[in-house]
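Residues per chain, in single letters:
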Amino acid sequence: MLDQIKGLHHVTSMARDARQNNEFFTKKLGLRRVKKTVNFDAPDVYHLYYADELGTPGSVMTYFPFPNIGKGRYGVGEVGTTVYSVPEGTLAYWEKRFADEGVAGMSRQESFGEKRLGFAGPDGDGFALVENKADTRTPWAKGDVPSDEAIRGFHSVSLRLKDGGATEELLKFMGYEEVDTSGTVKRLAVKDGNGANIVDIESLPGAAFADLGAGSVHHVAFAVENRAKQLEVRKALIDTGYQVTPVIDRDYFWAIYFRTPGGVLFEVATNEPGFDRDEDTAHLGEALKLPSQHQHLRPYLEQHLQKLED
């Protein structure tokens, strides 16, 4: 069993409209945009990152907004719900805020003894807030949400799978342990993790497979401290029979990718070098940052990328 992985690093999803996406996460959810860059493989598409003040691993939601993308189709083989942690007693605040802001899909829930508020993102993305009195992480305090109620970071992700058994075994190999069961959902967690250290597995054997599109999670990334730890994880996965990519430089972290038995794309990302490698902390996410291979496209991109704010 591996011990290098400490929880989630980021979750990356697909969207249709960059401006709407930016408004939802920075205004409605009160998160900080910590990076405005572009997709490495499609530089005419943004890659937007929303997180706490510093872009701490375990708090980072990222999006590829493709203007003409079709809507994703709910199903198995995907991350179904991305769950954020909020302070105890704050769901009433969020329920009123979401009602005032016109956020869709709200529902009060309770799972694993935790109070939850489910809601939908602008493309029908599945989200929830969970009250967590034990979460001591520092929120982004200069956003639209007061710090006493603000999102602390991720709590968990929930995977929808046709058969969760093989993915459960993979997660246990990655250092997760089963900690609870609720109906058809198994909960696994990393001990002494980074606060975003829970993965729930929901098995739905009769469901159809999901289709990737707007509102779909593209991949979920797990956090390791540095490149040395990442190489240890990569070797162990390859030795176990997984097809793992070479290490890829993503400017703000190094990444490896592999497909799980249940169909979900997993990434293992380093905590280094972080989002302040090319911007001062006080100004994260303000300027358009481009990968070195796309710098020559700056004049075109600055003219043609959708404006995120007035």
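What counts and what doesn't
Residues numbered from 1 in each chain as written. Predicted model: local features only at pLDDT ≥ 70, side-chain atom pairs only at ≥ 80, totals over all residues. Heavy atoms only, no water. Core = buried A, V, L, I, M, F, W, Y, C linked by side-chain atoms within 4.5 Å. Buried < 20%, exposed > 50% of the residue type's maximum accessible area, 1.4 Å probe, protein only. Helix = DSSP H or I, 4+ residues; strand = E, 2+ residues; numbered from the N terminus. Pairing = 2+ DSSP bridges. Contact = heavy atoms within 4.5 Å. Axes fitted to C-alpha atoms, helices over the stretch in contact; angles between N-to-C directions.

Caption draft 1: Highlighting the nonpolar core. Ranked by internal contacts, the top residues of the largest apolar core, which has 62 residues, are Phe25, Leu29, Tyr84, Phe222 and Phe266. By size, the runner-up hydrophobic cluster in this structure holds 13 residues, among which are Ala221, Phe253, Ala255 and Phe275.

Caption draft 2: Main features of the pairing of strand E8 (residues 126-131). With respect to burial, E8 is a largely interior element, five of its six residues being buried. Relative to E8, strand E5 (residues 78-86) runs parallel, the two sharing five bridges. Residue pairing in the sheet places tyrosine 84 in a bridge with leucine 129 of E8. As judged from the five bridges shared by strand E7 (residues 114-120) and E8, these two strands associate in the antiparallel manner. The residue bridging alanine 120 from the neighbouring strand is glycine 126, located in E8.

Caption draft 3: Looking closely at the sheet that holds strand E2 (residues 32-38). Spatial ordering of the open sheet is given by E2-E3-E4-E1-E13-E16-E15-E14, a layout of eight strands whose pairing is mixed. A single partner strand is all that each edge strand has here, and the edge strands are E2 and strand E14 (248-249). Of the strand pairs in this sheet, E14 and strand E15 (residues 253-259) are connected by two bridges, and their pairing is antiparallel. Note that in E15 the partner of isoleucine 248 across the bridge is alanine 255. Across the sheet, helix H1 (residues 18-28) lies against strand E1 (8-15), E2, strand E3 (46-51) and strand E4 (60-65), angled at about 5° from E3, the strand it touches most.

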